[in-house]
Structures are given as C-alpha cells and as structure tokens.
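Fold and geometry: a report
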Amino acid sequence: PRPVNPRLAVKRSIWADNQCLTKPYRYGGGHRSFNDISYDCSVTLSYALGGAGLVPSPMSSKDFRSYGGRGRGKWITVYARNGRSFAVIAGLRLRTTARHSGGRWAPRWQSDPCAPSGSQIRRPARL
C-alpha cells in the first residue's frame, strides 16, 4: 500500500523526476550537472532527490550506499550497490529500464516489485 498525503519534499521529488522521464539513459550521463541531455540510474535518483532539496549535486551509486540513514523510509527508500541504484518514492519504483519503453533505456516509474539483492537500503532523514 502507498502512503497517503505525501509531504511537500516527496511531491517535489516526484515532480522533479517527471521532468527527466523523456531523457534517454546514458552511462555516466548527468554526473557533472543536473542539466544534461541524458541520465544514468544514479543521476535519475539524484535528480529526484535534488528537486526535493535532499542532495545538492549528482551522486553515484557508490555514494548512495552511505546516503542518509539505514533502512526503509516511509516516503522514500533508496536501494544502491556499486554500479546500480534506484528508489521507491511514495510506493512507486523509480529506475532506468528498457521495459515498457520500446526497448529504449530511460527513467521510468514502475509499480511492480523488485528484489534489491545485494543493495544497501537507505532513506533520507525524516522521510
């Protein structure tokens, strides 16, 4: 079940990431700046968290392994391992995938569950 009545930071996170859903996936895309023509998985996540004021600049998957506090958050949970990261925001999974996008890798919201095997599970403070 999804949480009800999300906080403003959660709404801003969702809004921010909706802005990059039309951008394609590119390994290393967006690591120098949030303003880029493509994004990889960690910068897709950084973009969402940056929109909520939760990170000041793009982060790598490795950086997300020690981000925030340990464990799942009520609103935002980050799953990270070296080379791969994604988040569950207000009950929806945000990740880069080719699924449902005509074979083109891009940021997508998904409702299907995903086993975060080998990932560190982190959360932003107070969320």
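In this report, we go over the structure that sits alongside the text. Since the model is a prediction, treat every value here as computed from it, not as a measurement. (Residues numbered from 1 in each chain as written. Predicted model: local features only at pLDDT ≥ 70, side-chain atom pairs only at ≥ 80, totals over all residues. Heavy atoms only, no water.)

1. Overview of the overall build of the protein
For clarity, the threshold we go by: For the purposes of this entry, the term helix denotes a DSSP run of H or I that reaches at least four residues, the term strand denotes a run of E that reaches at least two, and both are numbered from the N terminus. Burial classification: accessible surface area is computed with a 1.4 Å probe over protein chains only, and a residue below 20% of its type maximum counts as buried, one above 50% as exposed, and the rest as partly exposed. Only heavy atoms matter for contacts: two residues are in contact if any of them lie within 4.5 Å across the pair. Every accessible area reported is derived by Shrake-Rupley at a probe size of 1.4 Å, with residue values counting cover from the shown protein chains alone.
The helix and strand tally for the protein stands at three helices and six strands. If you list the helices and strands of the protein from N to C, you get α-α-α-β-β-β-β-β-β. Here the protein holds 127 residues, and the buried ones make up 44% of them. Excluding contacts between residues fewer than 6 apart, the proportion of contacts in the protein whose partners are at least 24 apart in sequence is 51%. Accessible area for the protein stands at about 6900 Å²; split by element, carbon and sulfur atoms hold 51% of it.

2. Quick word on the side chain of S119
Relative to the assigned elements, S119 resides in the loop between β5 (106–110) and β6 (120–123). If we ignore the near neighbours within four places in the chain, the residues touching S119 are Y79, A80 and R81.

3. Topic: the nonpolar core
Which entries qualify depends on this criterion: Nonpolar cores were defined as sets of buried Ala, Val, Leu, Ile, Met, Phe, Trp, Tyr and Cys residues, with membership established by side-chain atoms within 4.5 Å.
Judged by nonpolar contacts, the single largest core of 17 residues is most densely connected at V10, L49, F64, Y67, I76, V78 and I89. Discounting residues that sit within four places of it in the chain, I76 has contacts with V10, S13, L49, L54, V88, I89, R122, R123, P124 and L127. Counting five residues, the second largest nonpolar core, distinct from the first, contains C20, Y39, V43 and Y47.

4. Quick notes on unusual backbone geometry
One non-glycine residue, A90, lies in positive phi territory at about 50°. The exposure class of A90 is buried, given its relative accessible area of 12%.

5. Quick word on the environment of T77
Our working rule: Think of a polar contact as two N or O atoms within 3.5 Å of one another; within protein, one of them needs to be a possible hydrogen donor and the other a possible acceptor, and neighboring residues in sequence only count if both atoms come from side chains.
Structurally, the position occupied by T77 is in strand β2 (residues 76–81). Judged by relative accessible area, which is 5%, T77 ranks as buried. The spacing of T77 and L127 is 50 residues in sequence and 8.5 Å in space, taken between C-alpha atoms. Setting aside residues up to four positions removed in sequence, T77 forms contacts with R72, F86, A87, V88, I121 and R122. A polar contact is formed between the side chain of T77 and the backbone nitrogen of G73, at a distance of 3.0 Å.

6. Some details on the pairing of β2
In plain terms, the rule: A strand pair is defined by DSSP finding two or more bridges across the two strands.
Summarising burial for β2: five of the six residues are buried, a large majority. Pairing geometry for β2 and strand β3 (residues 84–89), over six bridges, is antiparallel. Looking at the pairing, V78 lines up with A87 of β3.

7. Regarding the pairing of β3
Taken residue by residue, a regular strand's side chains alternate between the two faces of the sheet. The element β3 is largely enclosed, with a buried count of five among its six residues. Counting the residues in the hairpin turn of β2 and β3 gives two residues, including G83, whose phi is positive at 90°.

8. Description of the packing of aromatic side chains
Think of a pair of aromatic rings as described by two things: how far the centres are apart, and how the planes are tilted against each other in angle. Condition: Stacked, edge-to-face and tilted are the three classes for Phe, Tyr and Trp ring pairs, Trp counted by its six-membered ring, which pair at centre distances within 6.5 Å; planes under 30 degrees apart are stacked, over 60 edge-to-face, the rest tilted.
Throughout the structure, instances matching the rule amount to three aromatic pairs. Arranged with centres 5.6 Å apart and planes meeting at 75°, the rings of F64 and Y67 form a pair that is edge-to-face. Considered together, F64 and Y67 belong to a single accessibility category, that of buried residues.

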